[in-house]
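Breakdown of the fold
Given next are the chains, with one letter for each unit.
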Amino acid sequence: MSPSPTAAERTRQLRRVALSGLLGTAVEFYDFLVYGTVAALVFGELFFPGADPAVGTIAAFGTFAAGYVARPIGGIVFGHFGDRLGRKNMLLLTMGLMGGASFLIGLLPTYDTIGVWAPVLLITLRVVQGIAIGGEWGGATLMVVEHAGERRRGLWSSFTQMGAPLGSLISAAVVALVSTLPKDQFAAWGWRVPFLLSVLLLGVGLFVRLKVVESPLFAEVKKDRAESRLPVLDVLRRPRPVLLACGVGIGAFTAQSLLTSYLISYATGIGYPRPQVLTALTVSAAVALVVLPCASMLSDRIGRRPVVLTGAILSAATAFPVLALVDSKSSGALILAVVIGHGISQSLMYGPLGALFSEMFGTKVRYTGASLGYQGATLVGAGFSPMIAGSLVASSGNGTPVALLLCGGSLITALTVWFVRETSRTSLGDEPTPELPTTPHTEEITA
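Described below are features of the structure shown in this document. For clarity, every value in this text was computed on a predicted model and none was experimentally measured. (Residues numbered from 1 in each chain as written. Predicted model: local features only at pLDDT ≥ 70, side-chain atom pairs only at ≥ 80, totals over all residues. Heavy atoms only, no water.)

Further remarks concern the overall build of the protein. Tallying secondary structure elements over the protein gives 19 helices and zero strands in all. Taking contacts inside the protein between residues at least 6 apart in sequence as the whole, the part at least 24 apart equals 85%. Element-wise, carbon and sulfur atoms account for 69% of the exposed surface of the protein, whose accessible area totals about 16700 Å². (Helix = DSSP H or I, 4+ residues; strand = E, 2+ residues; numbered from the N terminus. Contact = heavy atoms within 4.5 Å. Areas by Shrake-Rupley, 256 points an atom, 1.4 Å probe, with all protein chains shown as cover.)

Here's what the structure looks like:
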């Protein structure tokens, strides 16, 4: 038998796993925000020419939604094999597919070159990307949480969550750089550069991920031959935790999509120069890099539920003021709006989710359960929000629907949190107790 790892070795491995999760989520959100930004700027004219500009933008965001529809499929597929074969191998595959699909989008010919096949290929690559992303977050988060100790799971899982603003910062910087090109050059080739550069993040992420070891909790399950044969069926037999996880995450993802990807289209449409919008997103991402670990660390001390609830209430309360700040057409007000709505409120909701979702499921089905909960929330909260917002704003002529969607998503999260049992003191090695009551503050931990 191999000797047990020393405390120093465990700490070194935990840091490596945390870095792996950070880079994986950074690749995910870099791809997510680059696509959303370019879709808002030029995809309508490049892949859906001849349509009214508003219709072209909606169609471009429709391909954006296609990636979200595919995410639960990825959660099921990679969750199944991750719960049966291990977390590490699935994470190598998901990162490769994510980065590869993004790189290929940068090589796509446009409608003028190959006609209808251009949007078909774009949607196909978005679906591949969505399937890969569907398995990425769950595995990356579980690897960190299952390596971490019982008392600091929130803090360590925040590294995976911090990949979101890090990916935002990198994507905003790259897009800001290429958007300084003349409009015709940006439409001709400049938009491809951010997608092609994703291969650099991919290479670094794969290098780090190859060096991590398998989750110790999964290794224990595998040693005891206790893995589930069909994890998705075991999860869906008792769907309450998955449904609750979806509801808890909706507010964070609604805020994320409306105040990042859709904001670019909306703000530039009412007269903001593109660089001002990208500057606001960059400042917000920098603030989120501070708020996320603080919120996650606080959730270790006072619980996941109070932190998420605070963020949801703050987001709902400031939805209309945030829109008013954006509509003021002041660059300083725009920055303040995005910092309040995304950098602070959304980060409070999003920070504890990695630890919370992991703690809601037993080890044998944790990859599948956490992935389904997370990806279900992204599908409802983020997948269709930009398209719905674009349609409603185009028909109403004002931004009120944006504030209503933002407020509605946050209130769903606030309501759902009341039905979730506090999990911050849960031992991940414990199997669920079927006799647990299911009062509004209690839920079973699915095995």
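Glancing now at a nonpolar patch on the surface. A contiguous nonpolar patch, built from Tyr111, Ile114, Val116, Trp117, Val120 and Leu121 and spanning about 530 Å² of accessible area, is present on the exposed surface. Within the residue set of the nonpolar patch, elements represented by two or more residues are helix H4 (111-114) and helix H5 (117-147). Broken down by element, the nonpolar patch gets its largest block of residues, three residues, from H5. Position of Tyr111 among the secondary structure elements: in helix H4. Taking relative accessible area as the criterion, Tyr111 reaches 34% and is therefore assigned partly exposed. (Patch = residues over 30% accessible without salt bridge, like charges linked within 9 Å, V, L, I, M, F, W, Y side chains within 5 Å. Salt bridge = Lys/Arg side-chain N within 4 Å of Asp/Glu carboxyl O. Buried < 20%, exposed > 50% of the residue type's maximum accessible area, 1.4 Å probe, protein only.)

The biggest cluster of nonpolar side chains holds 105 residues, and the ones touching the most others in it are Phe43, Trp191, Tyr350 and Phe357. Top contributing element to this core by residue count: helix H1 (residues 7-47), with 18 residues. With residues near it in sequence (within four places) discarded, Phe357 still touches Trp137, Ala245, Val248, Gly249, Ala370, Gly373 and Tyr374. (Core = buried A, V, L, I, M, F, W, Y, C linked by side-chain atoms within 4.5 Å.)

Here the focus is the pattern of salt bridges. This model, assessed by the stated rule, comprises eight salt bridges. With its nearest N and O atoms 2.8 Å apart, the salt bridge here joins Arg87 to Glu146. Here Glu146 lies in helix H5 and Arg87 lies in helix H3 (residues 87-105), a separation of 59 residues in the sequence. As far as burial versus exposure is concerned, Arg87 and Glu146 are alike and both buried. Across the salt bridge formed by Arg304 and Glu359, the nearest N and O atoms sit 2.6 Å from each other. Placement of Arg304 in helix H14 (residues 304-327) and of Glu359 in helix H16 (residues 353-359) is noted, with a sequence separation of 55 residues between them. Shared partners join several salt bridges into a network, and the residues in it are Asp83, Arg87, Glu146 and Arg366.

The residue Lys329 is not glycine, and still its phi comes out positive at about 65°. Within the secondary structure, Lys329 sits in the loop between H14 and helix H15 (331-350).

Mapped onto the secondary structure, Ile76 falls in helix H2 (residues 53-85). According to the relative accessible area criterion, Ile76 is partly exposed, its value standing at 33%. Along the primary structure Ile76 and Gln375 are separated by 299 residues, whereas in three dimensions their C-alpha atoms are 9.9 Å apart. With residues near it in sequence (within four places) discarded, Ile76 still touches Val232 and Leu372.

Here we come to the packing of aromatic side chains. Within the structure shown, the criterion is met by seven aromatic pairs. On the basis of an interplanar angle of 10° and a centroid distance of 3.7 Å, the ring pair of Trp137 and Tyr374 is categorised as stacked. In this pair, Trp137 sits in helix H5 while Tyr374 sits in helix H17 (residues 366-383), placing the two residues 237 residues apart along the sequence. Per residue, the accessibility class of Trp137 equals that of Tyr374, and both read buried. Seen from their ring centres, Phe253 and Tyr350 are 5.9 Å apart, and the 80° between their planes marks the pair as edge-to-face. (Phe/Tyr/Trp six-rings, centres within 6.5 Å; stacked < 30°, edge-to-face > 60°.)

Time to look at the packing of H14 against helix H19 (residues 400-417). Axis separation between H14 and H19 bottoms out at 8 Å; the angle between their running directions is 165°. One way to sum up the angle between H14 and H19 is to call them roughly antiparallel. Judged by the twist between their axes, the crossing of H14 over H19 is left-handed. Each of Arg305, Val308, Leu309, Ala312, Ser315, Ala316, Ala319, Phe320 and Leu323 in H14 lies in contact with H19, whose residues at this interface are Thr400, Ala403, Leu404, Leu406, Cys407, Ser410, Leu411, Thr413, Ala414 and Val417. (Axes fitted to C-alpha atoms, helices over the stretch in contact; angles between N-to-C directions. Parallel < 35°, antiparallel > 145°, perpendicular 65-115°, else oblique. Left-handed = near helix turned anticlockwise from the far one by under 90°.)

The next point concerns the packing of helix H7 (residues 183-190) against helix H8 (residues 192-209). At a closest axis distance of 7 Å, the pairing of H7 and H8 adopts a crossing angle of 40°. The angle between the axes of H7 and H8 places the two elements in the oblique class. Residue-level inspection shows Ala188, Trp189 and Gly190 of H7 in contact with H8, the latter providing Arg192, Val193 and Pro194.

Looking now at H5. In this model, H5 (31 residues) spans 45 Å end to end at C-alpha, consistent with the 45 Å of a helix rising 1.5 Å per residue. The element H5 is largely enclosed, with a buried count of 23 among its 31 residues. (Expected span 1.5 Å × (residues − 1).)

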